[in-house]
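Results of the structural survey
Here is how the chains run, residue by residue.
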Amino acid sequence: MVVLVDTVSANPVRPRHPEKAARPDALSPKKPDWIRVRAPTTRGYGETRSIVKENGLVTVCEEAGCPNIGECWDKKHATFMIMGDTCTRACAFCNVKTGMPGALDANEPAYVAEATRKLGLQHLVITSVDRDDLADGGAAHFAATIRAVREACPTTTIEILTPDFLRKDGALEVVVAAKPDVFNHNLETVPSRYLSVRPGARYFHSIRLLQRVKELDPTIFTKSGIMVGLGEERHEVLQVMDDLRSADVDFLTIGQYLQPTRKHHAVMRYVTPDEFAGYQTTAYAKGFLMVSASPMTRSSHHAGEDFAKLKAARAALAR
């Protein structure tokens, strides 16, 4: 793959991932038959796209190149990505743009609330880029967005997928005080792969973050997810399950890593559907209230339906 840098025009085009431009291409094996998605062409997809653009919003569906965008947007399900489209970190798996972000838009919470109303969302997922440049990592902006949606759409349940707020004392408490229904923070991979896959993060900090949510507010559902196919071993995945259960995490997602470009981490292996089914069975046996494990599983895929199942599972335990 060739990365072109325009140094001639008045507004040169900046590479999406400048930190990866000089890396040699990483070649992945050919995709198996069980990984297939259709191009998004439906009317529902077009209507969702129009509402997103009209409100000047960013979605992780587009920025991360999610393979499920056609299915989700056809159902008017979208995951809004707040605080801009540029991340301060450069994870080896992620297709979100990297660099120094711009200033926060104080009107963004209202825009998210308005788009939620127009789409008629019963369950909303809000995520963000990492904002290590901000003193609170963007915690107050998350809280403001939650409050704006609550005011405009009081019956909409809210799920957030947050950064790790590493070295941002007090940030987590601000977000939890806004009372999202689901607090999701993804581990992404097993500890042994962090230096090559997620170098800016710390595995046990992320575990502690999730544990702390439950200490602050036990009524909030907690959720986390990993990708497989990055070189992890099965026993490492099982250890991640144990670590998450020790932190009282309710919901686990496991999906296949797919390489965004040849400059990103290669797919080391395509995990079979039978292996995913085995992971799901094992995770339920370890005590998770909800598990989604399949090649195409993503954090926000079927989030509304899964939230209903999550509530039902908790209610069943309380009987």
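Residues numbered from 1 in each chain as written. Predicted model: local features only at pLDDT ≥ 70, side-chain atom pairs only at ≥ 80, totals over all residues. Heavy atoms only, no water.

1. Section: the overall build of the protein chain
The secondary structure content of the protein chain amounts to 11 helices and nine strands. Each of the 319 residues in the protein chain was classed as buried or not, and the buried ones make up 51%. A sequence separation of at least 24 residues applies to 76% of the contacts in the protein chain between residues at least 6 apart. Total accessible area on the protein chain stands at roughly 14,700 Å², and carbon and sulfur atoms take up 54% of it. (Helix = DSSP H or I, 4+ residues; strand = E, 2+ residues; numbered from the N terminus. Buried < 20%, exposed > 50% of the residue type's maximum accessible area, 1.4 Å probe, protein only. Contact = heavy atoms within 4.5 Å. Areas by Shrake-Rupley, 256 points an atom, 1.4 Å probe, with all protein chains shown as cover.)

2. Digging into the packing of helix H4 (residues 108–119) against helix H5 (residues 139–152)
Packing of H4 against H5 brings their axes to within 8 Å, and their N-to-C directions diverge by 40°. Considering only the axes of H4 and H5, their crossing is right-handed. Along the contact surface, H4 presents Glu-108, Pro-109, Ala-110, Val-112, Ala-113 and Thr-116, while H5 presents His-141, Ala-144, Thr-145, Ala-148, Val-149 and Ala-152. For the contact of H4 with H5, the per-class residue count stands at eight nonpolar, three polar and one charged. (Axes fitted to C-alpha atoms, helices over the stretch in contact; angles between N-to-C directions. Left-handed = near helix turned anticlockwise from the far one by under 90°. Nonpolar A, V, L, I, M, F, W, Y, C, P; charged D, E, K, R; others polar.)

3. Some points on the pattern of salt bridges
One pass over the structure, following the stated rule, counts 20 salt bridges. Between Asp-133 and Arg-131 there is a salt bridge, with its nearest N and O atoms 2.8 Å apart. Between Lys-286 and Asp-242 there is a salt bridge whose closest N-O contact spans 2.8 Å. Residue Lys-286 is found in the loop between helix H10 (273–285) and strand E9 (290–293), and its partner Asp-242 is found in helix H9 (residues 234–246); the two are separated by 44 residues along the sequence. For Lys-286, a relative accessible area of 28% puts it in the partly exposed group. Several salt bridges converge on common partners, so that one network encompasses Lys-214, Arg-245, Asp-248, Asp-250 and Arg-314. (Salt bridge = Lys/Arg side-chain N within 4 Å of Asp/Glu carboxyl O.)

4. Looking at H9
For H9, built from 13 residues, the straight-helix expectation of 18 Å at 1.5 Å per residue is met to within 8% by its first-to-last C-alpha distance of 19 Å. Where H9 is concerned, the buried positions are Glu-236, Val-237, Leu-238, Val-240, Met-241, Asp-243 and Leu-244. Looking at the buried positions of H9, the neighbouring elements they touch are helix H8 (203–216), strand E7 (221–228), strand E8 (251–256) and H10. Count one or two residues on from H9 and you reach Asp-248, which has phi positive near 65°. (Expected span 1.5 Å × (residues − 1).)

5. Focus on the UniProt feature "binding site: [4Fe-4S] cluster 2" (unreviewed entry) in the protein chain
The feature "binding site: [4Fe-4S] cluster 2" (unreviewed entry), as given by UniProt, occupies Cys-87, Cys-91 and Cys-94 in the numbering adopted here. Along the chain, Cys-87 turns up in strand E2 (residues 86–87). When its relative accessible area of 10% is taken as the criterion, Cys-87 is described as buried. Those residues within four positions of Cys-87 in sequence are excluded, and the remaining contacts are Val-96, Lys-97, Thr-98, Gly-99, Val-129 and Asp-130. In this structure, Cys-91 sits in the loop between E2 and strand E3 (97–98). Non-local contacts of Cys-91, meaning those with residues more than four positions away in its chain, are made with Lys-20, Val-197 and Arg-198. (UniProt positions renumbered as here; feature names shortened; annotations may be inferred.)

6. As for the pairing of E8
Counting buried positions along E8 gives six out of six residues, so the element sits mostly inside the fold. In this sheet, E8 lies alongside E7 in parallel orientation, the contact comprising six bridges. Residue pairing for E8: Ile-226 is matched across the bridge by Ile-254. Following the backbone out of E7, through H9 and into the adjacent parallel E8, one traces a crossover that is right-handed. As defined by bridge partners, E8 adjoins E9 across four bridges and the pair is classed as parallel. Bridging from a neighbouring strand, Leu-252 pairs with Val-291 of E9. The handedness of the E8 to E9 crossover, carried by H10, is right-handed. (Pairing = 2+ DSSP bridges. Right-handed = clockwise from strand over helix to strand, strands pointing away.)

7. Side note on the nonpolar core
Judged by nonpolar contacts, the single largest core of 34 residues is most densely connected at Phe-80, Phe-142, Ile-160 and Phe-183. Among the secondary structure elements, those contributing two or more residues to this core are strand E1 (79–82), H4, strand E4 (123–128), H5, strand E5 (157–161), helix H6 (171–177) and H8. Considering each element in turn, this core owes the most residues, six residues, to H5. Counting 25 residues, the second largest nonpolar core, distinct from the first, contains Tyr-203, Leu-210, Phe-276 and Phe-288. (Core = buried A, V, L, I, M, F, W, Y, C linked by side-chain atoms within 4.5 Å.)

8. Here we look at the side chain of His-141
Mapped onto the elements of the fold, His-141 is located in helix H5. For His-141, a relative accessible area of 9% corresponds to the buried category.

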